[in-house]
Amino acid sequence: MKKLLSILVAGLLVSAALLYGVHWLNNDQGYAGDKTLTVYNWGDYIDTDLIKQFEKETGIKVVYETFDSNEAMLTKIQQGGTTYDVAVPSEYMIDKMIQANLLLPLDHAQLPNLKNIDQRFMDLPFDPKNKYSVPYFWGTVGIAYNPKLLGGKKLDSWNDLWDPSLKQKILLIDGAREVIGMGLNSLGYSLNDTNKAHLQKAKEKLSELTPNVKAIVGDENKLLMQNNEAAIAVLWSGDAADIMGENEDIDYVVPKEGSNLWFDNMVIPKTAKHVKAAHQFINFMLDAKVAAQNTEYVAYSSPNKAALQYMPKEMVEDKRFYPSPGLTKRLEVYKNLGQKNLAYYNDLFLEFKMHRK
Ligand code: N2P
């Protein structure tokens, strides 16, 4: 009798396991549940230990892919080959994606940790009421430089970069808006200027910078600067913070003529297959301790107010990376300039890049 009972129990267990297994398989394919999640983020933009922690806590398997420009990300999402559940575009691209009907409205009820975000970063013009996006990191564009490699020279202006003594010294970030923007700013024009004559002038001015440009690079800028192989880099603030953590000689400045203030937010593309898991992931990243760990690792500026208490004081109090609202007022946020103008920026940038070689 006892034996019969154990056979019966074993049988029940096996069929339960089988049932569960089959069910789990379905989940994995995405139509019966949310057991996988595909995340699309900028390169070097997350502490990968946190992905493992999320997988462990939720049983959701994360497929993680990276991009290095908003434009590349948009193309990939529009092609639709891979479907992404979470992506992290910048503000002007979010505006563009909303207009193109590419984003899913977020369910704030599934994002209780949204309360941790500083109000200063909520409800911004590119996404009123954060209907489609929630803050991930923010920052500026500026100049990282190593005075030791420049004979003690200090930089504080875009126009400093045109100094003939800086031959082959400068790395530029591989971004159309950033580079054309720097040309525009150096001439006193807005980063959102769409006047073709102004844009042409900016491009001509950039051509004159060519002898000073050592390379146009992505995340490699960090190693080159850390190892003293380059003296100057035009880059995003968090990359500067990261570099400065490795090489104490380097400083970061937001040029006095003005510069860009940017926001990278998490979104769920309309084509997402795992919408619930996407909300779980976003809410996880908004957790104060998770955000603090992520920020310490990535070195970008966190919009998560509750996270700041868990971070080293010298990080949070560094005005170069946590500029006050008074300071950021003089900076410009990129606007979505529309398809035609963005294409024109891209063309000019391409011409500049080709002309260099
Ligand atoms: C991280 C890139 C940060 C993106 N490597 C700035 N929008």
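Residues numbered from 1 in each chain as written. Predicted model: local features only at pLDDT ≥ 70, side-chain atom pairs only at ≥ 80, totals over all residues. Heavy atoms only, no water.

Identification of the protein as ABC transporter substrate-binding protein from Tigheibacillus jepli is taken from an unreviewed UniProt entry. As stated in UniProt under Subcellular location (unreviewed entry), the record for the protein gives "Periplasm". (UniProt positions renumbered as here; feature names shortened; annotations may be inferred.)

Caption draft 1: Spotlight on helix 6 (residues 196-209). For helix 6, with 14 residues, the first-to-last C-alpha span of 20 Å sits near the 20 Å given by 1.5 Å per residue. Tucked inside the fold, the buried residues of helix 6 contact strand 5 (170-173), helix 5 (176-186), strand 6 (213-217) and helix 13 (339-356). Between the side-chain oxygen at the start of helix 6 and the backbone nitrogen of alanine 197 there is a gap of 2.9 Å, and the oxygen is on asparagine 195. (Helix = DSSP H or I, 4+ residues; strand = E, 2+ residues; numbered from the N terminus. Expected span 1.5 Å × (residues − 1). Contact = heavy atoms within 4.5 Å. Polar contact = N/O pair within 3.5 Å; in protein donor to acceptor, adjacent residues only side chain to side chain.)

Caption draft 2: Broad picture of the site of the ligand. Within the structure, the ligand sits among Trp42, Gly43, Tyr45, Ser90, Asp219, Trp236, Trp262, Asp264 and Tyr300. Within the side chain of aspartate 219, one N or O atom sits 3.1 Å away from a nitrogen atom of the ligand. In the model, a nitrogen atom of the ligand is placed 2.8 Å from a nitrogen or oxygen of the aspartate 264 side chain. Grouping the amino acids of the shell around the ligand by side-chain chemistry returns 5 nonpolar, 2 polar and 2 charged. (Near = heavy atom within 4 Å. Nonpolar A, V, L, I, M, F, W, Y, C, P; charged D, E, K, R; others polar.)

Caption draft 3: A look at the packing of helix 2 (residues 48-58) against helix 9 (residues 275-286). Here helix 2 crosses helix 9 at 125 degrees, and the two axes come no closer than 11 Å. With respect to their mutual orientation, helix 2 and helix 9 come out oblique. The two elements helix 2 and helix 9 meet at a crossing, and its hand is right-handed. Contacts between helix 2 and helix 9 pair Leu50, Gln53, Phe54, Glu57 and Thr58 from the former with Ala277, Gln280, Phe281, Phe284 and Met285 from the latter. Split by residue class, the contact of helix 2 with helix 9 holds 6 nonpolar, 3 polar and 1 charged. (Axes fitted to C-alpha atoms, helices over the stretch in contact; angles between N-to-C directions. Parallel < 35°, antiparallel > 145°, perpendicular 65-115°, else oblique. Left-handed = near helix turned anticlockwise from the far one by under 90°.)

Caption draft 4: Local environment of the pattern of salt bridges. Across all of its chains, the model carries 13 salt bridges by this definition. With a closest N to O distance of 3.0 Å, lysine 203 and glutamate 351 form a salt bridge. Here the residue lysine 203 occupies a position in helix 6, and glutamate 351 occupies one in helix 13, the gap between them amounting to 148 residues. Accessibility expressed as a relative area gives 14% for lysine 203, which makes it buried. Since its relative accessible area comes to 36%, glutamate 351 is described here as partly exposed. Aspartate 318 is paired through a salt bridge with arginine 320; the nearest N and O atoms lie 2.9 Å apart. The class of aspartate 318 is buried, set by a relative accessible area of 16%. By relative accessible area, which is 34% here, arginine 320 ends up partly exposed. Several salt bridges share partner residues, and in doing so they unite Asp44, Lys222, Asp239 and Asp242 into one network. (Salt bridge = Lys/Arg side-chain N within 4 Å of Asp/Glu carboxyl O. Buried < 20%, exposed > 50% of the residue type's maximum accessible area, 1.4 Å probe, protein only.)

Caption draft 5: Region of interest: unusual backbone geometry. The backbone phi angle of aspartate 44 is positive, close to 55 degrees, even though this residue is not glycine. Take aspartate 44: it is sitting in the loop between strand 1 (36-42) and helix 2. Taking the relative accessible area as the measure of exposure, aspartate 44 reaches 46% and is therefore partly exposed. The backbone of glutamine 168 sits at a positive phi, close to 60 degrees, despite the residue not being glycine. Take glutamine 168: it is sitting in the loop between strand 4 (133-145) and strand 5. According to the relative accessible area criterion, glutamine 168 is partly exposed, its value standing at 47%.

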